[in-house]
Amino acid sequence: MLVTMKEILDRANGENYAVPAPVVQTELNARTAIKCAEEMNSPIILLIPLIFDYDVDLFGRYLKALAEDSAVPVAINHDHGSDFESAVSCIKAGFSSIMVDRSELPFEENVAQVKELVKVAHAVGVSVEAELGHVGNANNYEMDRDAALTEPALAKKFIDETGVDCLAVAIGTAHGAYNKGQTPYLDYERLEQIKKETGNFPLVLHGGSGTGDEGLSKVSKMGINKVNIGCELFASAIEAIKTADTDGNGAYGFANIIEEGYGSRVKHFIEVLGSKEKAWKPEKVVKREKAVLTENTIL
Ligand SMILES: [Zn+2]
């Protein structure tokens, strides 16, 4: 079933676990992520960053249909939306959530731009994530890490002024792959303070890849309710191809091998973050129905 990210994260927040948000590049990735979630009875959040060459309208409609037909709660989130128009196009395409990333702007400007899209999204039942502080890139980790960690005292003000449904925080992780042998240092104390200052608000961790199971498991019990993962899933898919027997007709297995590699890692994160067996059934299933025309219908 298609749900908003807010529905998923409010539950996760209430029960102290996190839900994986895998980056989805293709139709097959989306099917795999949902299938893994169904097999483990977990909610799942599909992440769509518009850095790939998507046809947003077509892909959104497709993902929406997949989510509606799924046995577990599925949210579709536009990841790192950087402008007003792309957010609206994702809403139009059927996404149930958007991330409005203005984390590189000064506080007041970040608030103003997020607030504008919160008004639009909430008017049509779509939930909104924003980021305070800034999660940088792993290939520049030493420089980026401490550059813009989230200030706990500002988080509550940001949430109150914008009306967002969840907040991405910078507590030490970074996007992409870290240098070999490097794992991020997580600022648990800062996370604890943010959770306290915000009155137990749903929080998001970006840059889950390469963070390590121990750290991810710990933060998911401390108040992180969604963990974004991209690089590690695709690295697992590439590794699966490298080690598979693809001689002769084995080459036909290309897509399946990739999905096995991608899916095995999705399942791993469902386990680590604690969302296994956390799916729920809707109280009322809303089915799309064809409009019934009567003689009173104004056409
Ligand atoms: Zn991110």
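Provided above is the structure to which this section pertains.
For the structure given in this document, a descriptive report is provided here. Just so it is clear, the structure is predicted and the values come from calculations on it, not from any experiment. (Residues numbered from 1 in each chain as written. Predicted model: local features only at pLDDT ≥ 70, side-chain atom pairs only at ≥ 80, totals over all residues. Heavy atoms only, no water.)

1. Quick look at the nonpolar core
- In terms of nonpolar packing, the biggest core is built from 83 residues, with Leu46, Ile48, Ile98 and Leu167 touching the most fellow members.
- Not counting chain neighbours up to four residues away, the residues in contact with leucine 46 comprise Pro22, Val24, Ala30, Ala33, Ile34, Leu63, Val74, Ala75, Ile76 and Asn77. (Core = buried A, V, L, I, M, F, W, Y, C linked by side-chain atoms within 4.5 Å. Buried < 20%, exposed > 50% of the residue type's maximum accessible area, 1.4 Å probe, protein only. Contact = heavy atoms within 4.5 Å.)

2. Quick look at the coordination of the zinc ion
- On the protein side, the zinc ion has His80 (NE2), His175 (NE2) and His206 (ND1) as donor atoms, found 1.9 to 2.0 Å from it.
- The sequence pattern describing where the donors of the zinc ion fall on their chain is H-x94-H-x30-H. With histidine 175 in the loop between β6 (166-169) and α8 (188-197) and histidine 206 in the loop between β7 (203-205) and α9 (213-222), this pair connects stretches of sequence that are 31 residues apart.
- On the basis of relative accessibility, which here comes to 23%, the residue histidine 175 falls in the partly exposed class.
- The exposure class assigned to histidine 206 is buried, which follows from its relative accessible area of 0%. (Donors = N, O, S within 2.8 Å, 3.2 Å for Na, K, Ca; no water. Helix = DSSP H or I, 4+ residues; strand = E, 2+ residues; numbered from the N terminus.)

3. Observations regarding the environment of phenylalanine 107
- By the secondary structure assignment, phenylalanine 107 is in helix α5 (residues 107-123).
- Separated by 25 residues in sequence, phenylalanine 107 and leucine 132 place their C-alpha atoms 8.1 Å apart.
- When sequence neighbours within four positions are dropped, the list of residues in contact with phenylalanine 107 reads Leu132, Leu154, Lys157, Phe158 and Glu161.

4. What to know about the packing of aromatic side chains
- Per the stated rule, a full pass over the model turns up three aromatic pairs.
- Considering the side-chain rings of tyrosine 54 and phenylalanine 59, the 5.0 Å spacing of their centres and the 15° angle between planes classify their relative orientation as stacked. By the burial criterion, tyrosine 54 is buried, and phenylalanine 59 matches it.
- Residues phenylalanine 107 and phenylalanine 158 carry aromatic rings whose centres are separated by 5.9 Å and whose planes lie at 65° to one another, so their mutual orientation is edge-to-face. Placement of the pair is phenylalanine 107 in helix α5 and phenylalanine 158 in helix α7 (residues 152-162), with a sequence separation of 51 residues.
- Looking at phenylalanine 107, the relative accessible area reads 17%, which means it is buried.
- Directly above the aromatic system of tryptophan 280 lies the positively charged group of arginine 11, at a separation of 4.0 Å from the ring centroid.
- Seen from the ring of tyrosine 188, lysine 218 lies directly overhead, with NZ or CZ sitting 4.1 Å from the centre. (Phe/Tyr/Trp six-rings, centres within 6.5 Å; stacked < 30°, edge-to-face > 60°. Lys NZ or Arg CZ within 6 Å of the ring centre and 35° of its normal.)

5. What about the pairing of strand β3 (residues 74-81)?
- Here β3 lies mainly inside the structure; seven of its eight residues are buried.
- Looking at chain direction, strand β2 (residues 44-49) and β3 are connected through six bridges and run parallel. In the strand pairing of β3, isoleucine 44 is matched with valine 74.
- In this fold, β2 hands off to helix α3 (residues 56-69), which returns the chain to β3; that crossover is right-handed.
- Here three bridges tie β3 to strand β4 (residues 97-100), and the two strands are oriented parallel to one another. Of the residues in β4, the one forming a bridge with histidine 78 is isoleucine 98.
- The parallel pair β3 and β4, bridged by helix α4 (residues 84-93), forms a crossover whose chirality is right-handed. (Pairing = 2+ DSSP bridges. Right-handed = clockwise from strand over helix to strand, strands pointing away.)

6. So, the pattern of salt bridges
- In this structure the tally under the stated criterion is 13 salt bridges.
- Two residues, lysine 278 and glutamate 15, come together in a salt bridge whose shortest N-O distance is 3.1 Å. Of the two residues, lysine 278 is situated in the segment after α11 (254-273) and glutamate 15 in helix α1 (residues 5-15); the sequence distance between them amounts to 263 residues.
- Residue classification places lysine 278 among the partly exposed residues on the basis of a relative accessible area of 27%.
- For glutamate 15, a relative accessible area of 45% translates into the label partly exposed.
- Lysine 64 serves as the salt-bridge partner of glutamate 68, at 3.7 Å between the closest nitrogen and oxygen. Of this pair, glutamate 68 and lysine 64 both sit in helix α3, four residues apart, roughly one helical turn.
- Take glutamate 68: its relative accessible area is 24%, and that puts it in the partly exposed class.
- On the accessibility criterion, lysine 64 (27% relative accessible area) is partly exposed.
- Among the ionic contacts, a cluster of salt bridges with common partners joins Lys35, Glu39 and Lys267. (Salt bridge = Lys/Arg side-chain N within 4 Å of Asp/Glu carboxyl O.)

7. Here's the deal with the sheet that holds strand β1 (residues 19-22)
- Strand order in this open sheet of eight strands is β1-β8-β7-β6-β5-β4-β3-β2, and the pairing throughout is parallel. The outermost strands of the open sheet, each flanked by one partner alone, are β1 and β2. Between one strand axis and the next, the sheet turns through 25° on average, direction left out of account.
- Note that β1 and strand β8 (residues 224-229) share four bridges and pair parallel. (Axes fitted to C-alpha atoms, helices over the stretch in contact; angles between N-to-C directions.)

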